[in-house]
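# Descriptive analysis of the structure
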Amino acid sequence: MTGKAPPAPKAPGVVVSMMGDWLGRLRSALREERPPSPPPPPSADGGRAATLIFTAVALAACLAVLLAERYAGIFHRHSIGWALLFAMAALGRFASFQAPPGRLLVILLGALISIRYMAWRTSTTLVYTTPLDAVGMVLLYVAECYAFAVHFLGMFGSLWPLDRPPMPLKGASDAYPSVDVFIPTYSEPVELVYRTVVAASQIRYPKDKLRVYVLDDGATAEKTASTGPGDPAWERRRALSGLTARLGAGYIARERNEHAKAGNINYALGRTSGDLILILDCDHVPTEDILENTVGYFQRDPKLGFVQSPHFLGNPSVIEKNLSHFSNSPRENDMFYNLIHRGLDSWNSSYFCGSAAVLNRKALTAIGGLSVDTVTEDVETSMRIHAHGYNSVYVRRPMICGLEPETWASFVVQKVRWAQGMAQIFVLKNPLFQKGVGLAQKLNYFNACFYWFFSFSRLFFFLAPILFLAFGMRIYHASSSQIVSYTLPHVLSVYVLMAFLYGRSRRLFLSEIYETTQMMVLAPALIAVLLRPRSPVFKITPKDQKVEKEALNTHGALPVFFILLVNLVALPLSLGKWFSHPLYRDVILIGSLWCAYNSFIAIMALGAFFERKEHRWGFRIRVREDVRLHVPALGREVYARMRDLSLNGATVQLKLPPDAAAAWAAAPGDAVELRSEQYGPRFSLHAAVKDRRARGAVLELGLQYMADRNSYKDVVRFTYGASRRWADVLRRRASGRLRTLFVDYLYFLYRGMKGVGVVLTHAARRLVSPPSRPPAPSREQTTTGAFVQ
Amino acid sequence: MKNRVIFALILALLSRSWPAAAAPAPAQGPKTVKVGLDQFSKFKTVELKTISTSFPINFSIPDRWRPAGVRLSLHYVNSVTLIHQSSQLTVSLNGHPIGQTRLDPARPDGVLLIDVPAGRLSPGYNTLNFSVAQHYQDSCEQWDSPNLWTSLDLEGSFLEMTYFERSVPANLSKAVDFLFDAKAFPHGEVHVVVDIASADSVETAGALAAGLARRFGYKKVLFTASDAIVPGRDNVVVGPKEFAEAAAARAGLTLDVGGSVLQVSPLPVGRDAEGRSLTDPTRGLVVVSGKDAAEVRRSALTLGTMSIPVPGSARTEVSGVSLPETAPYAGSRLLQAGKDYSFKSLDFRTYTFRKVNPLATDIVFRLPNDYRIEPNKYMTLMLNFIYGPGMQAASSLTVSVNNEVARTIPLDKMAGDFITGYRLDLPTYLFKPGMNTLTFTSYLTPKGGDCEMILPDSYFMTLYDNSTLRFPGMTHFTRLPEIGLFMDDGFPYTRWRDGRECEIFIARADHGLLAAAFNVLGFMTQKCEHALFAARVRVGVPGAAGPAAPEKELIVIGGLDSLPPDFFDGAPLKLGKGSDSSHPAPGWGESPRFAAARQSGGIDPDDGLLMQFQSPAMRGRSTLLLTAVSDEKVVRLSRLLLLPALSAQMRGALVFVDLKAEADNKVTSVPARDGYWTGKLGRISALTYFLHVYPYTNYLLAALLLLLAGLLGTYVLVRIRRRRLAVAEGRDAGR
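Residues numbered from 1 in each chain as written. Chains lettered and ligands numbered in written order. Predicted model: local features only at pLDDT ≥ 70, side-chain atom pairs only at ≥ 80, totals over all residues. Heavy atoms only, no water.

Tallying secondary structure elements over chain A gives 25 helices and 18 strands in all. Counting the 789 residues in chain A, one finds 56% classified as buried. Across chain A, the fraction of contacts at a sequence separation of at least 24, relative to all contacts at a separation of at least 6, is 80%. (Helix = DSSP H or I, 4+ residues; strand = E, 2+ residues; numbered from the N terminus. Buried < 20%, exposed > 50% of the residue type's maximum accessible area, 1.4 Å probe, protein only. Contact = heavy atoms within 4.5 Å.)

Check the secondary structure of chain B and you find eleven helices and 37 strands. Per-residue burial over chain B gives 51% buried out of 735 residues. Partitioning the intrachain contacts of chain B with sequence separation of at least 6 by distance along the chain shows that 75% fall at a separation of at least 24.

This next bit is on the side chain of B:Thr623. Mapped onto the secondary structure, B:Thr623 falls in strand S34 (residues 622-628). Excluding anything up to four places from it in sequence, B:Thr623 contacts B:Tyr493, B:Leu554, B:Val556, B:Phe567, B:Met611, B:Gln612, B:Phe613, B:Gln614, B:Ser615 and B:Pro616.

What follows concerns the sheet that holds strand S5 (residues 285-286) of chain A. All names here are of chain A. If you walk across this open sheet you meet the three strands as S5-S10-S7, and the pairing is mixed. Among the strands making up the open sheet, the edge pair consists of S5 and strand S7 (312-313). As paired elements, S7 and strand S10 (residues 400-402) share two bridges and run parallel to each other. Counterpart to Phe312 in the pairing with S10 is Cys401. (Pairing = 2+ DSSP bridges.)

Another point: the pairing of strand S10 (residues 149-165) of chain B. Consecutive side chains of a regular strand alternate in pointing toward one face of the sheet and then the other. Residues and elements named next belong to chain B. In this structure, strand S2 (residues 31-36) lies alongside S10, joined through six bridges in antiparallel fashion. Its bridge partner lying in S10, Lys31 is registered against Tyr163. Strand direction decides the pairing type here: strand S3 (residues 45-49) and S10, joined by five bridges, are antiparallel. Bridge pairing in S10 links Lys49 to Trp149. Here strand S5 (residues 65-78) runs beside S10; their pairing, made up of twelve bridges, is antiparallel.

Before going further, it helps to spend a moment on the pattern of salt bridges. The final tally for this structure, using the stated rule, is 67 salt bridges over all chains. Between B:Lys49 and B:Glu47 there is a salt bridge; the shortest N-O distance is 4.0 Å. Judged by its relative accessible area of 44%, B:Glu47 falls in the partly exposed class. Through salt bridges that share partners, A:Arg628, A:Glu637, A:Glu673, A:Arg675 and A:Glu677 make up one connected network. (Salt bridge = Lys/Arg side-chain N within 4 Å of Asp/Glu carboxyl O.)

With that settled, consider the pairing of strand S19 (residues 361-367) of chain B. Residues and elements named next belong to chain B. Taking burial as the measure, the seven residues of S19 include five buried ones, the bulk of the element. When S19 meets strand S24 (residues 434-443), the two strands line up antiparallel, connected through seven bridges. The partner of Leu367 across the bridge, within S24, is Gly434.

What follows is about the packing of aromatic side chains. This model, assessed by the stated rule, comprises 53 aromatic pairs over all chains. Between the aromatic rings of B:Phe365 and B:Phe431, the centroid separation amounts to 6.1 Å while the plane-to-plane angle is 45°, which identifies the pairing as tilted. Residue B:Phe365 is located in strand S19, and its partner B:Phe431 is located in the loop between strand S23 (417-427) and S24; the two are separated by 66 residues in the primary sequence. Here the two residues B:Phe365 and B:Phe431 agree in accessibility, since each one is buried. Members of the aromatic cluster, each reached through a chain of ring pairs, are A:Tyr146, A:Phe426, A:Phe446, A:Phe450, A:Phe453 and A:Phe456. One residue, B:Lys34, lies across the ring of B:Phe158, its end atom 4.6 Å from the ring centre. (Phe/Tyr/Trp six-rings, centres within 6.5 Å; stacked < 30°, edge-to-face > 60°. Lys NZ or Arg CZ within 6 Å of the ring centre and 35° of its normal.)

As a general point, the strands of a sheet are linked pairwise by backbone hydrogen bonds and lie either parallel or antiparallel. Residue and element names in this part refer to chain B. The strand order S4-S9-S6-S7 describes an open sheet built from four strands, whose pairing is antiparallel. A single partner strand is all that each edge strand has here, and the edge strands are strand S4 (52-61) and strand S7 (96-102). Going across the sheet, the axis of each strand differs from the next one's by a mean of 15°, ignoring polarity. Where strand S6 (residues 88-93) and strand S9 (residues 124-133) come together, six bridges link them in antiparallel fashion. Among the inter-strand pairings, Gln88 is bridged to a residue of S9, identified as Ala133. (Axes fitted to C-alpha atoms, helices over the stretch in contact; angles between N-to-C directions.)

Attention shifts here to unusual backbone geometry. The linkage connecting A:Pro100 with the following residue, A:Pro101, adopts the cis geometry, with an omega of 0°. Along the chain, A:Pro101 turns up in the loop between helix H3 (74-92) and helix H4 (102-124). Residue B:Phe491 is joined to B:Pro492 through a cis peptide bond whose omega torsion reads 5°. Relative to the helices and strands, B:Pro492 is located in the loop between helix H6 (483-489) and strand S28 (502-506). Not every positive phi belongs to a glycine, and A:Ala666 is a case in point at roughly 55°. Assignment of secondary structure puts A:Ala666 in the loop between helix H22 (658-663) and strand S16 (671-676).

Low-pLDDT portions of the prediction should not be read for the details of their coordinates. Residue and element names in this part refer to chain B. Overall, the prediction assigns chain B a mean pLDDT of 85, with 88% of residues at 70 or greater. Predicted confidence is poor over residues 1-21, with pLDDT under 50, and the contacts of this stretch with residues over four places away or in other chains come to 13 contacts. Model confidence for the complex: the whole-complex pTM is 0.60, and ipTM, which rates the interface, is 0.79. (pLDDT = per-residue confidence, 0-100.)

The following block contains the structure:
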C-alpha cells in the first residue's frame, strides 16, 4: 500500500464522475501508448491491487456463468456456449478489437468458454466404468488438461503484444559501447561463413568500436592435432583464417570442442572485450543497421541484458516447400517473431534465440557466460539473465537473413534439439521454481518449455476416438447434447481465438500440420529426456543439405500413414457399431466425426512428406521495388520493377518503349547495370541477362551479377544490407486478408490431398521400376564460392 | 324336530370354540364362475413356435373355495403345414398331463375341452402348461421354420370353475388369511363398520383399511362402510367397546370387549323366531375393539400385520404392538441408490432358458417417483450365468430395459461357459422414475445342419439369482402436479412408506365417502406395497371453512356441493368461481400451450374429476382432489381408480373419468399448465434461489462483470506497458 489515508465515502454522483475520469484516462492511455511526457511513476502496490481486482472480477464473471448454468435447462446450456462463441467470433472480426480493451474482452470470452468446458468436463464426465476405460479416460483428460494449460498460457502471453521500433544511438560516436560480433561455426560451408563475415564487416558502426570474430569449432586443436595439411579441418582453418584476415576480422579456434556452441562462445568471451556481443549464426547475414537499431536500447537502460531481433528466413520451411505453400503467405516462424515474441516482450520475457541478438557482456559475466546445461543454451541463458534482474527487449525489425533447414532430416534435427532442450529446462531448471524470475516471466518460460510436449497430447487425440469405435473403451462420458453444449463451443473457440490472435501471421491449420508431422519424431526424443535429462547432446542443424531428387520421406510419413490408416479403419467399424449399438448412436456419430477430422489432418500432414527438389542454391526472395536498368546497347536507363533477388542475381520486369524495344532484344548474355536506391545508398551492379520471358508488353529478365571479389561486397550489401526491405517483405506476407476457418481448412486439405496424390503416384512408379540408390545430399557450387579463396 | 336337534348338536360340537353359540344359515349349493384365460396373463394371444415349446399360465383358487371341478375350454389355431400324425398340443396341470390333441392341418381352428378332476387341483396356486410338439416334415426339418406355429387364443379360452364355499375357520390367524385372501377371485370385498362421528375411530379404520388392503396383496379390494353389520359380506367392526358391542348386538351377537381385542366369528345375520342367533358360516365378522382409542388402534395394527398361525383361537387380546422402523423411500422392490441388490431380493429366482426359443424372464422393480434421472450415470449389473455347449456363436443373452434393448451378451463359446461377475453398465436414461422392468431374453441357436439331430434340451442358459444390480446416487426432485406419479405408486403420499405424510379428508361425514377414502388408501397401499398405517383420515374440508390444512400431502374426497369455492383457488380447474379453465391448445408449440377460458356450466354429472395442485398450506406439498357432482359418484370414482386399465391412463394435473358404465369408461387427462417442484435438494441458499429463479439477471451480471474485467485488465496492462517503455527508453531507468 502507498500509505495514503483511505478515501472518504463518495456520493453516487461523485463516484460516477470518478468513473468518467478514469475511463477518460484509460482512453487517452490507449490512444497514445507512449505519452509525450514521462508519466508519474506508477505505484507498484497500486498496480498489484488493480491486478487483483481485475482477477477477482474476471473470476466472478466466470462464476456467474457457471453457477447460473447449473440450473439451466438444455436450451439455456446450448445458448450460453454458442452465444459466447458467436460473440467472441463476431467481435474478433473488427480490427479495432485487436487492441485493448476489445482485445482483452475477446480473450476473456474465449477463456470463459474454455473454463466453462473444463469445469463441466471435470465435474460431470469423469465416470469410472472399468479399469481399462479408466486408464483411457484419465489419459484423455490429462491430454485435455495439457492443451487447456498451453492454451491459457498462450492467451496470457499474447494479451497485448508490444511493438518496439528501432532505438537510435545517442551521443557522440566515441561514447558508443564497443561491440564484438561472434559468428560461431562448426561444419558449415566456408562460403556460407564468408558471406556472413562480409556482411558483418559492413555493419554501420564506428570501426574502432566494432570487431568481427569467426569462432571456428570445425578446426579446433583437438580436430587438427592428429591430422596434417590436406585434411578437411586443416583446409577449413586455412580458408577461414585467410578470409577473416583479408576482411579484417578475427579468427578464434579453441583447443577442444566442449559444450558445443555455448562453449565456443564462452571461450571467445574470455578472449575479447567488447561491451556488447552480437551473436550471429554463420548463415545469418546481418543488415547494415543492426547495431544502429539496437545499441540505443543499451545506452538508455543499463540493466538491459539483451536485445533480440527476428530471424528472417529467406527460404520456405521444408513443410511449406513440400506443401507448395510459400508464395506470399506467412512462414512458419512468422507467428513466433511477429506476435508471440512481441507478447513475451510485453511481459519482459523475450528470450535469446541463439542468433540475431545483442547481449550485454556485463549480464553474461554476471551469470558466468552462456549456460551449458541444456542443448537450448539460448533460452536457458536468457532465463538466467532475467533471474539476475536484467531486462530484455525485442525489436520487431528483421535484421538478419538466414535459411530454413532444407531437408526433412535437417528439419528434424533442429526440432528435436529444441524439444529436447526445452524438456531439459522443464525437468532440470523448471522456470516455475527459478528464484529471481518474475511471475509473468515464469509463466512465459514455463509455456515455452511445456508447449513442446504437444506430441503426447496430439498422439492421444488421434487415437482417442479409435479406442471407442474399435475397442469399445468408454473414455469420454457425455451425451451428444452435452457435447453440443460444451465441447463444440470450446473446440471452436480455440480455433476462433487462434485466428484472432495469430491469424495474420500463420494459417491456422498449418500449426496442426506442423505438430502432426513432428509428433512421432519428438515423442521418443522427449521420453529419452524425461528418462535421462542430461543425455541429449547438441546437434548442429545441417545447413548445406539439398534435396537432389524428389522422393517420399518414408521415415517421416509412415507413422502418420499408420495413424491415417487406423482412423480410416475405425470409420467403417463405426458404421457397424451404429447398427449393433443403437443406444450409442450419438456418441458413435461424434466419434466418427472426430475420426474423419483426424483423417483429414493426417492427409494434410502426409502431403508434407513428399520432399520436393530445390532448384537453386540461393533461394530467391520475393520483393517488390523499383529499380533502374542501364542498358549499354541503348545508352540510357530504363525503369523496371524488381520481383525477386538472391545473392546470384535478380528478376526484373520492365516495359520497354517501342523505340527501345526495337533497338535492344535483351538477349541472354547482354550486359546491363542494375541501379537501385530505394533502401538507402545507391547501388550499381553489373549483371548479364540470363534468360528472358515476354509476357505481352512486359519483359521479364533474369539477371546474373557479374561480380568480382571487390564488387561481391556490394552484392552482399545490396542483397542483405537493408532491414527495411525485410520488414516490407514481412508486412506484405502478413497483409493477406484473414481467411475463415473453413476456407483455411479446405485450402490445406487440397494441399494435403495433392501431396498424397503425388505420394501415391510416386509409390506406384517405384513399384513399376525400383529406384536406384538416391544420391546423398550434397552442396551445389555457387559463384560466390570462387571469392572465398 | 329330532333331526334339527341332532344337527344343532353336531354344529355345536363342531363350533365349540365359537365365543357364543349360534345357529348357521341353511347350507348353499355349488357355484360356478367362468373366467377368460387372458385374465391370468398379460397376453391376449400366444404363439407357440419352433418344433417344441410351451407356455404356462398360473391361476389361483381362493381358500374359501372347495373346488368341485374345472372345465378348460382352449381355443387354438395351428399352422396348416403341420403333419397331423406327429404334431400335438398337450395341456398339463401342475406337471401332470390332463389332455392332448393332434394338431390337424385340415382343421386348423380347434377347441380343446378338458374336464379337470377336482383332485388334480392344488390349494392356492396352480399352473396350466400348454406345450406343443409340431413338425412340418418327417426328416431334415428346420427347427425354427416359420411353418411351425400354433396360436392360443387366450381371450377366447375359458376356465369354468365349480366350487362350494367353505366355512370361515374358527381360528383367528387362519380366518384372517381366509377372509382377506390374496387369491380372492375376482376381487376382495370388505365392509367396515365404524362410527363416523368418532374422529379416532375414523382414523383407526383408515389404518385398518390399509392393513387389510396389504393382506390382499395385489388383488383389488373394494371397501364399503356403514355403522351396522351388513349380511352377505365379510364385516369388520372397528371402534371402542360400546360401539362394537352395540353393533354386534344389533346383528344378534353377544360381545364382551374387556380390553384390546381381536375376534373372529361367522357373520351373525340376526336371530330366529326363538331368539337364537343365526349366522352365515361362509362370511366372517372380525371385531377390532378396545376400551379406548389407543386399544382399538393397537388391535387394528395387529390385524394388519399378523402373518404366522398365531393365535390358534378365535379371539385374542392384544397388550402391545410395535411396528418396524421405516425410512423414506424404503419399501419392497424400491431401489435405493448406491446399494447392491441381489436378483433374489427382487423376487427373481434362478431361471433357466431352455431349448431354442425360450420365454423371456424379467425383474420388476421400482425407482422413487421423484428420482431425478441424471445423464452420464450408469446402472451396474453383475451377472452370474452358465450356458451349455454346442450352440452357435449367434446365441446371446439380451438385456432390455422397459422393452428397449440395452445390451447383448454373446454366448459364443462352443464348449459352453460358466461366468461370474459379468459386468454390464446400462445408462440411467433408459430408466424412469416408478416401475421399471429389466427383461432377460436368451436366443439359443443350435449348431448343426438341417439334417443333424438336435437335442433341444441340451441348449440352455441359466441366470443365477445371486446376480446383482446397483443404481448410482441421484437426487430426489421432481415437478408436480403429475397424477401419473400418484397412479404409479401413490407418490407423493407414499414417500414415507407408512404414509405419515399423508392426510385424507372426506368433505362430509358420510360412510360412502369414508369407503372411498378406504379405497384410495387401499390403492396406495397396494401400489407402494406397504400398509399406510400412519396415514390419517379426517372429516372436513381443509382450509378457511374447515380444519386448518396441515403441512402434509393432502387428499380431499367429496362431492362438489360440499367443497367451498375458495378451495379451488390453486386448482387447475376453478370450479367454484365460474369454472376458470385452461384448455391445451395443440399446434401452438412443442411444449403444451393453453388457452384460458371462463365458462359456466360446471362438469358433466356423469364425470368424476381428479385434480392435483400445490397445497395452500405449504410450498412443494400437494393436494389431490377426488370429486364429482355427488358423493355417490365420488365413491364410484374411487372404485374406478382400482382398474389398472383406467388408472394407467390418468396423468397430468387434471383427469376426467366417465362414470357411466365400466365398459364405456373414458379417461381424459390434461397436462399441467403451472407446476411446482418437490423433493429433497437440501437447504437452498439465497444465492441458489436467485440463480434458479433469475438466470437472465445473472447472465446480464456476468456480461457486465466481463466488460468490467476487460476495462480493469486494460488498465492493468496500460500501467505495465508504460513502465516497460519508460525503463527501456531511459525515462525511468533509475527504477
